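Structural overview
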Amino acid sequence: MAELATIARPYAEALFRVAQNGNLASWSEILSAMSSIAANPDIMDMARNPKVSDEQVISVFLSAVNSPANAELKNFVSMLVENGRLSLLPEIASQFHALRNAQEGAADAEIVSAFEMTPAQVVDLVATLEKRFGRNLNPSVTVDNSLIGGVRVVVGDEVLDTSVRAKLQRMQTALTT
């Protein structure tokens, strides 16, 4: 995967420089949508088909984006198609998102809870976590009943596991050693 990341990096950085002159949030949304479209096997089969011209691939791809295509977006998609790099869009989107987070002093937080959380609980938890991690967090919350209770939070390479399952595992380790 390091090779994909290396190839995608210049595209992500170039798009990020273009997006800084406009609206980062809208570019981020468009890039997420394009990433989802590029992950579609039918779109990728069409893009790899030698009987389909680059212009046709670009036209179909841009029509699937459901967003007005400005000149920068058309140029970006054209460049990816002509260089056979359309499949890199998920990695480009990931790196673009990381660049945006770095500029904004933010990070993504994957919150896994044992039970469904209300929006108010999520807001309270995120406020506490932002103090703990010292940066703004963009939370994504999922439910995993196997945690028994509590939450498990992953921010970058840091993990905060206050779940009952983790406490039981630590207790088991302490008792058996």
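Up top is the structure these notes are about.
Summary of the structure given here. Every value quoted in this text rests on a predicted model; they were computed, and no experiment measured them.

With that settled, the discussion passes to the overall build of the protein. When its secondary structure is counted, the protein shows eight helices and four strands. For 177 residues, the compact-globule formula gives about 16 Å, and the C-alpha radius of gyration of the protein, at 21 Å, lies well above that figure. Counting only C-alpha atoms and orienting by the principal axes, one finds that the protein spans roughly 65 × 35 × 30 Å. Of the contacts formed within the protein by residues at least 6 apart in sequence, a portion of 67% connects residues at least 24 apart. Accessible surface computed for the protein: about 10600 Å², of which carbon and sulfur atoms make up 53%. If the 14 positive side-chain charges of the protein are averaged to one point and the 20 negative ones to another, these points end up 5 Å apart.

This model, assessed by the stated rule, comprises four salt bridges. Residue Arg 152 is joined to Asp 161 by a salt bridge in which the shortest nitrogen-to-oxygen separation is 3.6 Å. Using a relative accessible area of 22% as the deciding quantity, one classes Asp 161 as partly exposed.

Glancing now at a nonpolar patch on the surface. On the surface, a nonpolar cluster with roughly 480 Å² of combined accessible area is contributed by Ile 148, Val 164, Leu 168, Met 171 and Leu 175. Among the structural elements, Ile 148 can be located in the loop between strand S2 (136-143) and strand S3 (151-155). With relative accessibility at 45%, the residue Ile 148 sits in the partly exposed group.

Mapped onto the elements, Ser 94 comes out in helix H6 (residues 89-104). Spatially, the C-alpha atom of Ser 94 lies 9.4 Å from that of Ala 5, the residues being 89 residues apart in sequence.

Our next topic: the packing of aromatic side chains. On inspection of all chains with the given rule, the structure shows one aromatic pair. Their ring planes at 70° and their centres at 5.6 Å tell us that Phe 16 and Phe 96 sit as a pair that is edge-to-face. Highlighted residues: Phe 16 in helix H1 (residues 2-20) and Phe 96 in helix H6, separated in sequence by 80 residues. Between the NZ or CZ atom of Arg 132 and the centre of the ring of Phe 133, over which it lies, the distance is 5.2 Å.

Across the sheet, which stays open at both edges, the four strands sit in the order S2-S1-S3-S4 with mixed pairing between neighbours. Edge positions in the sheet fall to S2 and strand S4 (158-161), since each of these pairs with one other strand and no more. Direction aside, the axes of adjacent strands within the sheet are offset by 20° on average. Seen against the sheet, H6 touches strand S1 (106-113) and S2 and runs at an angle of roughly 110° to S1.

Let us now look at the environment of Leu 24. Summarising the element assignment, Leu 24 is placed in helix H2 (residues 24-38). Taking relative accessible area as the criterion, Leu 24 reaches 14% and is therefore assigned buried. When the C-alpha atoms of Leu 24 and Arg 100 are compared, they prove to be 7.5 Å apart, with 76 residues separating the residues in sequence. Those residues in contact with Leu 24 that sit more than four places away from it in its chain are Phe 16, Ala 19, Phe 96, Arg 100, Gln 103 and Glu 104.

Criteria and thresholds
- Residues numbered from 1 in each chain as written.
- Predicted model: local features only at pLDDT ≥ 70, side-chain atom pairs only at ≥ 80, totals over all residues.
- Heavy atoms only, no water.
- Helix = DSSP H or I, 4+ residues; strand = E, 2+ residues; numbered from the N terminus.
- Rg over C-alpha atoms; globule rule 2.2 N^0.38 Å.
- Contact = heavy atoms within 4.5 Å.
- Areas by Shrake-Rupley, 256 points an atom, 1.4 Å probe, with all protein chains shown as cover.
- Lys, Arg positive; Asp, Glu negative; His and termini not counted.
- Charge placed at Lys NZ, Arg CZ, Asp CG, Glu CD.
- Salt bridge = Lys/Arg side-chain N within 4 Å of Asp/Glu carboxyl O.
- Buried < 20%, exposed > 50% of the residue type's maximum accessible area, 1.4 Å probe, protein only.
- Patch = residues over 30% accessible without salt bridge, like charges linked within 9 Å, V, L, I, M, F, W, Y side chains within 5 Å.
- Phe/Tyr/Trp six-rings, centres within 6.5 Å; stacked < 30°, edge-to-face > 60°.
- Lys NZ or Arg CZ within 6 Å of the ring centre and 35° of its normal.
- Pairing = 2+ DSSP bridges.
- Axes fitted to C-alpha atoms, helices over the stretch in contact; angles between N-to-C directions.

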